[in-house]
Amino acid sequence: MPILSQVNNESINVVALCGSLRQGSTTHAALQIALSGAEEVGADIELIDLREYRLIFHGEVVDESEYPPDVFKLKKKVKRAHGILLGTPEYHGSFSGVLKNALDLMWFEEFENKVVGLIGVSGGKMGAGNAISMLRTVSATLRALVIPTDVSIAQASEAFDENGNLHDKELTDRVKAVGRQVTKYAALYNSGKI
Ligand SMILES: Cc1cc2nc3c(=O)[nH]c(=O)nc-3n(C[C@H](O)[C@H](O)[C@H](O)COP(=O)(O)O)c2cc1C
């Protein structure tokens, strides 16, 4: 395991939050690829599939102590991560409500000084640039360190094969690079050298 990806003898932990609940989601597939890039440089990885979490909308309970257990489980996983990948489909020129609500359940304690990488997919040819730029704003508001390189995958339904691999090798490398960079910048930040 590359020593760069360790902090106090522990591996850098990178989680990916998937903003699509759809069976066969291309966002999910893209995040798997990005996580494989993170793993290649020594990260411990986990894809957080929000289908497996029974969340509530922010504001449904009066006091946070009333949150259902899965909200605490989600917050804990994100809080202990050094790096976070946010993946979303482009929905009506923005990112998905599922991801927005998950982010609204979190604050600085989960995101401050975390290295964040962004990936978006779209049905149309224009790509997911709007969703990504809005996620960049949200991440910065949560005081995360967002890496400059993001990836938008246009016409996602044609971009992947049945195994969730991208047909385009160059695009695969760019998606993997987001995972690699998040891991490396998180290692650098947590080394205390910057
Ligand atoms: C409610 C909704 C809104 C959408 N809005 C857009 C859009 O504004 N631009 C676009 O290119 N595709 C749009 N799409 C298509 C999705 O971006 C596309 O199907 C994407 O692959 C879905 O991601 P997934 O495969 O991870 O579920 C929309 C889809 C839905 C369901």
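Coordinates for the structure precede this section.
Because the structure is a prediction, the values reported are computed rather than measured.

Turning our eyes to something else, we now look at the overall build of the chain. Secondary structure assignment for the chain yields seven helices and eight strands. For the chain, the C-alpha radius of gyration of 16 Å lies close to 16 Å, the compact-globule estimate for 194 residues. Principal axes of the C-alpha set define a box for the chain whose edges measure 45 × 40 × 25 Å. Counting only residues that meet the buried cut, the chain has 43% of its 194 residues in that class. Here the contacts in the chain between residues at least 6 apart in sequence split such that 80% fall between residues at least 24 apart.

Moving on: the pairing of strand β3 (residues 13–18). The two faces of the sheet receive side chains in turn, since in a regular strand these alternate between them. With six of its six residues buried, β3 lies for the most part within the structure. Every second residue of β3 is oriented toward a common face, with N13, V15 and L17 on one face and V14, A16 and C18 on the other, all of them buried. Note: β3 against strand β4 (residues 44–49), six bridges, orientation parallel. Bridge pairing links L17 to I48 in β4. Following the chain from β3 across helix α1 (residues 26–40) to the adjacent parallel β4, one finds a crossover that is right-handed. By the bridge criterion, five bridges tie β3 to strand β5 (residues 83–89) in an arrangement that is parallel. Residue pairing in the sheet places V15 in a bridge with I84 of β5.

With that settled, consider helix α7 (residues 169–190). Helix length check: α7 (22 residues) gives 31 Å between terminal C-alpha atoms against 32 Å at 1.5 Å per residue, within 8%. A positive backbone phi angle near 80 degrees is found at G192, which sits one or two residues after α7.

The rules behind each value
- Residues numbered from 1 in each chain as written.
- Predicted model: local features only at pLDDT ≥ 70, side-chain atom pairs only at ≥ 80, totals over all residues.
- Helix = DSSP H or I, 4+ residues; strand = E, 2+ residues; numbered from the N terminus.
- Rg over C-alpha atoms; globule rule 2.2 N^0.38 Å.
- Buried ≥ 20, exposed ≤ 12 C-beta atoms within 10 Å, placed from the backbone.
- Contact = placed C-beta atoms within 7 Å.
- Pairing = 2+ DSSP bridges.
- Right-handed = clockwise from strand over helix to strand, strands pointing away.
- Expected span 1.5 Å × (residues − 1).

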